[in-house]
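Now for the letters of each chain:
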Amino acid sequence: MILYPAIDLKDGQCVRVLHGDLSTATVFNTEPAAQAKSFVDAGFHWIHVVDLNGAVQGKAVNGSAVEAILSSVSVPVQLGGGIRTLKDMERWIEAGVSRVILGTVAVKEPKIVLEAAKRWPEQIAVSVDVRKGKVAVDGWTADSDLDAITVAKRFEDAGVAALIVTDIDRDGTVMGFNVEAFGAMADAVSIPVIAAGGLATVDDIAKLKARKGVPVAGAVLGRALYNGAIDPAEALEVAA
């Protein structure tokens, strides 16, 4: 299982928020590139970056911070938040992003995702952000009427690299993974699933890995990593 330490960007800083609400932001590092480097030094092999302002505004807002991260680490970076057009995707892939994450456009304009996955095989991920059973859009400021598996199944056999499934109701709460929900998605589709939202302890990683059924391919580490509840070395050992 691949672990993805998260760098959520708001106003150029590395923050954590509760349920995606930008007004709840806690700043953990004013230098996102330094944070990324510390994650690589701790042994992580991927970095998960989200432009929170960009997700709400529908365009890149923290681009300079993302570029600083890309130039400071040699591990692959996946990036989401405000990426809505093929031109946006091309810009970031050419800048060195290994995987572009598409959320709102996957709900509203799935044909763009299918075209992108054809153009950049294995470099497109779909973010499925779930709140009370329905998929949220526009930086989680609005809800669609679609459930997670319906959205995910649109992209079967399209060449999508991963589904990043976020439990918004638990995001930032450090109350533990909803292992059953992530497992149900992994069992329902052939696309690798990355779990996000609620991770509290290394035990969550162990439970996710131990569940019967199709393995969950990865997990995003957020607040529990920043507040010291998760030791990177221990987490990486359990996930290996």
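Since the structure is predicted, the reported quantities are computational estimates derived from the model, not experimental observations.

So, how was this worked out
Residues numbered from 1 in each chain as written. Predicted model: local features only at pLDDT ≥ 70, side-chain atom pairs only at ≥ 80, totals over all residues. Heavy atoms only, no water. Helix = DSSP H or I, 4+ residues; strand = E, 2+ residues; numbered from the N terminus. Rg over C-alpha atoms; globule rule 2.2 N^0.38 Å. Buried < 20%, exposed > 50% of the residue type's maximum accessible area, 1.4 Å probe, protein only. Contact = heavy atoms within 4.5 Å. Salt bridge = Lys/Arg side-chain N within 4 Å of Asp/Glu carboxyl O. Arc of directions from axis to C-beta. Axes fitted to C-alpha atoms, helices over the stretch in contact; angles between N-to-C directions. Parallel < 35°, antiparallel > 145°, perpendicular 65-115°, else oblique. Nonpolar A, V, L, I, M, F, W, Y, C, P; charged D, E, K, R; others polar. Pairing = 2+ DSSP bridges. Phe/Tyr/Trp six-rings, centres within 6.5 Å; stacked < 30°, edge-to-face > 60°. Lys NZ or Arg CZ within 6 Å of the ring centre and 35° of its normal. Core = buried A, V, L, I, M, F, W, Y, C linked by side-chain atoms within 4.5 Å.

> So, the overall build of the protein: which residues are in play, and what are the values?
Secondary structure assignment for the protein yields 11 helices and 12 strands. For 240 residues, the compact-globule estimate of 2.2 N^0.38 gives 18 Å, and the protein sits close to it at 16 Å. Along the longest, intermediate and shortest principal axes, the C-alpha atoms of the protein span 40 × 40 × 30 Å. When each of the 240 residues of the protein is scored for burial, the buried share is 54%. Taking the intrachain contacts of the protein between residues at least 6 apart in sequence as the baseline, contacts between residues at least 24 apart amount to 69%.

> So what's going on with the pattern of salt bridges? Which residues, and what values?
Applying the stated rule across the entire model yields 12 salt bridges. Taking the shortest distance from any N to any O, the salt bridge between aspartate 8 and arginine 16 comes out at 3.2 Å. Assigned by exposure class, aspartate 8 and arginine 16 land together as buried. Overlapping salt bridges bring together Arg84, Lys108 and Asp138 as one network.

> Which residues make up helix α8 (residues 179-188), and what values do they have?
Along α8, the residues classified as buried are Val179, Phe182, Gly183, Met185 and Ala186. Along the long axis of α8, the arc covered by the buried residues comes to 160°, so they all point the same way. Considering only its buried residues, α8 is in contact with β7 (124-131), α7 (148-153), β10 (162-167), β11 (193-196) and α9 (202-210).

> Go over the packing of helix α3 (residues 63-72) against helix α4 (residues 86-95), please, and point to the residues and values.
At a minimum axis separation of 11 Å, α3 and α4 run at an interaxial angle of 30°. Here α3 lies roughly parallel to α4, going by the angle between them. Counting all contacts with α3, which are made through Gly63, Val66, Glu67 and Leu70, the residues of α4 involved are Arg91, Trp92 and Ala95. For the contact of α3 with α4, the per-class residue count stands at 4 nonpolar, 1 polar and 2 charged.

> Explain unusual backbone geometry to me, using residue names and the numbers behind them.
Phi is positive for glutamate 122, which is not a glycine, with a value near 65°. Within the fold, glutamate 122 resides in the loop between α6 (110-119) and β7. One non-glycine residue, lysine 132, adopts positive backbone phi at about 50°. Assignment of secondary structure puts lysine 132 in the loop between β7 and β8 (134-137).

> Let's hear about the pairing of strand β1 (residues 2-10): which residues, and what values?
Extensive coverage of β1 is indicated by the burial of 8 of its 9 residues. Pairing analysis gives 4 bridges linking β1 to strand β12 (residues 218-221), with the strands arranged parallel. Paired with tyrosine 4 across the two strands is valine 220, which belongs to β12. Bridging between β1 and strand β4 (residues 47-51) involves 4 bridges; their strand directions are parallel. Bridging across to β4, aspartate 8 finds its partner in valine 50. Two elements, β1 and strand β2 (residues 13-18), share 3 bridges in a ladder whose sense is antiparallel. What sits directly across from lysine 10, in β2, is glutamine 13. Between β1 and β2, which pair antiparallel in sequence order, lie 2 residues; one of them, aspartate 11, sits at a positive phi of approximately 50°.

> Can you tell me about the packing of aromatic side chains, naming the residues and giving the values?
Per the stated rule, a full pass over the model turns up 5 aromatic pairs. On the numbers, 5.0 Å between centres and 45° between planes, the contact of phenylalanine 28 with tyrosine 226 is tilted. Taken together, the residues span a long stretch of sequence, with phenylalanine 28 in strand β3 (residues 21-29) and tyrosine 226 in helix α10 (residues 223-226) at a distance of 198 residues. On the basis of an interplanar angle of 80° and a centroid distance of 5.7 Å, the ring pair of phenylalanine 39 and tyrosine 226 is categorised as edge-to-face. Linking phenylalanine 39 in helix α1 (residues 32-41) with tyrosine 226 in helix α10, this pair joins segments that are 187 residues apart in sequence. Exposure class is identical for phenylalanine 39 and tyrosine 226. Each is buried. Within the aromatic cluster, the residues linked to one another by ring pairs are Phe28, Phe39, Phe44 and Tyr226. Against the face of tryptophan 92 rests arginine 91, its NZ or CZ located 4.1 Å from the ring centre.

> Give a description of the nonpolar core that names residues and reports values.
Core analysis: the biggest nonpolar cluster contains 69 residues, and Ile7, Val128 and Leu163 have the highest contact counts within it. Sequence-distant contacts of valine 128, defined by excluding residues within four places in its chain, comprise Val135, Ala148, Val151, Leu163, Ile164, Val165, Thr166 and Met185. Ranked by size, the runner-up nonpolar core spans 10 residues in total, among them Trp46, Ile101, Ala125 and Ala196.

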